[in-house]
Amino acid sequence: MSEEVDISLLVIILDTNPAQKKLREDTHILTLCLESIIALANSHLMLKATNKLAILACHRKSTEFLYPPPQTAAGASTLSMRQIDGQYELFTQVEKTVRQNLQNLVMQDVRNITTESSTESLLAGAIAMALCYIHRLEVELPAGSKMNSRVLTVTGSADSASQYMSYMNVFFTAQKQNVTLDVCSLDQDMGLLQQGCDITGGLYLRIPQIQGLLQYLLWVFLPEPPIRKKLVLPPPVKVDYRAACFCHRELIDIGFVCSVCLSIFCKFSPICTTCHTVFKSPGPLPIKPRRRKSSSAK
């Protein structure tokens with residue numbers, strides 16, 4: 001009988017939105033992030049011959065695959081590869097393909113730039129695309145193979161409550177598919193992504209210094225989830241489990257929940273805007289009458 005082949009798939013999502021605070025302050029940070037991501041990807045492929053890799057670039061209007069390259073049309077020219085002396089052929093392919101596709105994405109964005117450009121990164125859509133790619137590979141697995149998948153998001157964007165429902169959908173989908181979500185934040189804490197890491201059993205890390213990005217990636221995110229239990233890793237952060245209201249898309253501490261569709265609102269509404277259920281307006285709280293003290297006999 002043939003032995004079961006374990007395949008480890010790592011999907012890396014790199015936030016390349018130019019509206020990020022870190023990128024606005026210093027454009028060379030994107031180059032630093034790209035080099036660190038390529039080093040992490042090659043290290044993952046070096047651990048085992050059966051390991052697989054995918055890298056996505058999350059931009060302000062779309063998400064594109066940087067590796068593996070999309071299938072070219074019939075007759076289209078493919079990216080020419082020249083092996084670097086002393087470097088593994090697969091490492092050369094990963095580096096050249098990622099750099100070329102990212103350059104094409106940036107140049108295309110520069111040509112199509114408009115004055116009304118979005119400032120939010122479509123991270124929820126990028127995670128959804130990664131989950132679809134993972135599902136497709138799982139369907140195409142040969143008999144006797146098992147694939148362990150995880151998604152690593154490297155971003156410096158701020159939290160976006162407007163994507164709350166999309167985030168929750170991809171979080172619970174990843175949990176159902178047994179996909180671990182990891183997040184490496186470059187700038188500030190992101191409460192919604194913290195929830196996703198906690199739901200799927202992944203790690204959330206906000207790095208203190210951008211110059212040490214590669215060290216943190218290799219130390220924290222290169223080991224697979226079963227191995228992390230044996231390592232000394234940064235302590236887990238306190239997860240912010242606030243929900244976003246459906247009316248203003250803002251994170252709230254206390255709100256009103258529809259008893260039919262579980263929609264959340266920051267203020268009371270007689271009609272649920274999601275399922276159109278009609279509720280009775282809450283009346284004033286009843287005031288309990290004060291009990292008179294019985295007069296003692298003289």
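As the structure is a computational prediction, the values presented were derived from the model and not from experiment. (Residues numbered from 1 in each chain as written. Predicted model: local features only at pLDDT ≥ 70, side-chain atom pairs only at ≥ 80, totals over all residues. Heavy atoms only, no water.)

(A) Representation of unusual backbone geometry. Cis geometry marks the peptide bond from tyrosine 67 to proline 68; its omega dihedral reads -5°. Phi angles above zero are rare outside glycine, and asparagine 178 is one such case at about 60°. Residue position: asparagine 178 is located in the loop between α5 (164-176) and β5 (180-185). Classification of asparagine 178 as exposed rests on a relative accessible area of 66%. Unlike most non-glycine residues, histidine 276 shows phi in positive territory, near 60°. With respect to the helices and strands, the residue histidine 276 is situated in the segment after β10 (264-265). (Helix = DSSP H or I, 4+ residues; strand = E, 2+ residues; numbered from the N terminus. Buried < 20%, exposed > 50% of the residue type's maximum accessible area, 1.4 Å probe, protein only.)

(B) View of the packing of α5 against helix α6 (residues 191-200). Look at α5 against α6: their axes get within 9 Å of each other, and the N-to-C directions meet at 15°. One way to sum up the angle between α5 and α6 is to call them roughly parallel. Crossing of α5 over α6 shows right-handed handedness. Judged by residue contacts, Tyr164, Tyr167, Met168, Phe171, Phe172, Ala174 and Gln175 of α5 engage Leu192, Leu193, Gln195, Gly196, Ile199 and Thr200 from α6. Classifying every residue of the contact of α5 with α6 gives nine nonpolar, four polar and no charged. (Axes fitted to C-alpha atoms, helices over the stretch in contact; angles between N-to-C directions. Parallel < 35°, antiparallel > 145°, perpendicular 65-115°, else oblique. Left-handed = near helix turned anticlockwise from the far one by under 90°. Contact = heavy atoms within 4.5 Å. Nonpolar A, V, L, I, M, F, W, Y, C, P; charged D, E, K, R; others polar.)

(C) A look at the nonpolar core. Core analysis: the biggest nonpolar cluster contains 43 residues, and Val11, Ile13, Val151, Tyr167, Phe171 and Leu193 have the highest contact counts within it. Considering each element in turn, this core owes the most residues, nine residues, to helix α4 (residues 123-139). (Core = buried A, V, L, I, M, F, W, Y, C linked by side-chain atoms within 4.5 Å.)

(D) Local environment of the side chain of arginine 150. Residue placement: arginine 150 occurs in strand β4 (residues 145-155). Despite its burial, arginine 150 pairs with no opposite charge, the nearest such side chain being aspartate 182 at 4.3 Å. Reaching out from arginine 150, the side chain makes a polar contact with the backbone oxygen of phenylalanine 221 at a distance of 2.7 Å. (Lys, Arg positive; Asp, Glu negative; His and termini not counted. Salt bridge = Lys/Arg side-chain N within 4 Å of Asp/Glu carboxyl O. Polar contact = N/O pair within 3.5 Å; in protein donor to acceptor, adjacent residues only side chain to side chain.)

(E) Up close: the sheet that holds strand β2 (residues 52-58). With mixed pairing, the six strands of this open sheet are ordered in space as β3-β2-β1-β4-β5-β6. A strand with exactly one partner marks an edge of an open sheet, and here the two such strands are β3 (63-67) and β6 (204-206). Within this sheet the neighbouring strands show an average axis-to-axis angle of 20°, counted without direction. Of the strand pairs in this sheet, β5 and β6 are connected by three bridges, and their pairing is parallel. (Pairing = 2+ DSSP bridges.)

(F) α6, seen in detail. Counting buried positions over the 10 residues of α6 gives nine, a clear majority of the element. For α6, every residue scored as buried is listed here: Gly191, Leu192, Leu193, Gln194, Gln195, Gly196, Cys197, Ile199 and Thr200. Of the residues trailing α6, glycine 201 is marked for its positive phi of about 80°.

(G) A look at the packing of helix α2 (residues 28-47) against helix α7 (residues 213-221). Close contact between α2 and α7 brings their axes to 9 Å; oriented N to C, the two are set at 25°. Classed by the angle they form, the pair α2 and α7 counts as roughly parallel. As for how α2 packs across α7, the hand of that crossing is right-handed. Contacts between α2 and α7 involve Cys33, Ser36, Ile37, Ala39, Leu40 and Ser43 on the former and, on the latter, Leu213, Leu214, Leu217 and Leu218. Looking at the contact of α2 with α7 residue by residue, the classes come out as eight nonpolar, two polar and no charged.

(H) A look at the pattern of salt bridges. Tallied over the entire structure, the rule returns three salt bridges. Note that aspartate 182 and arginine 228 form a salt bridge whose closest N and O atoms lie 2.7 Å from each other. Of this pair, aspartate 182 sits in strand β5 while arginine 228 sits in helix α8 (residues 225-228); the two residues are 46 residues apart in sequence, bridging distant segments of the chain. Residue class for aspartate 182 comes out buried when judged on its relative accessible area of 1%. Of the charged contacts in the structure, one is a salt bridge between arginine 206 and aspartate 189, with a shortest N-O distance of 3.8 Å.

(I) Representation of the packing of aromatic side chains. As enumerated under the stated definition, the model contains four aromatic pairs in all. On the numbers, 5.2 Å between centres and 55° between planes, the contact of phenylalanine 65 with tyrosine 133 is tilted. Of this pair, phenylalanine 65 sits in strand β3 while tyrosine 133 sits in helix α4, and the two are 68 residues apart along the sequence. A relative accessible area of 11% places tyrosine 133 in the buried class. (Phe/Tyr/Trp six-rings, centres within 6.5 Å; stacked < 30°, edge-to-face > 60°.)

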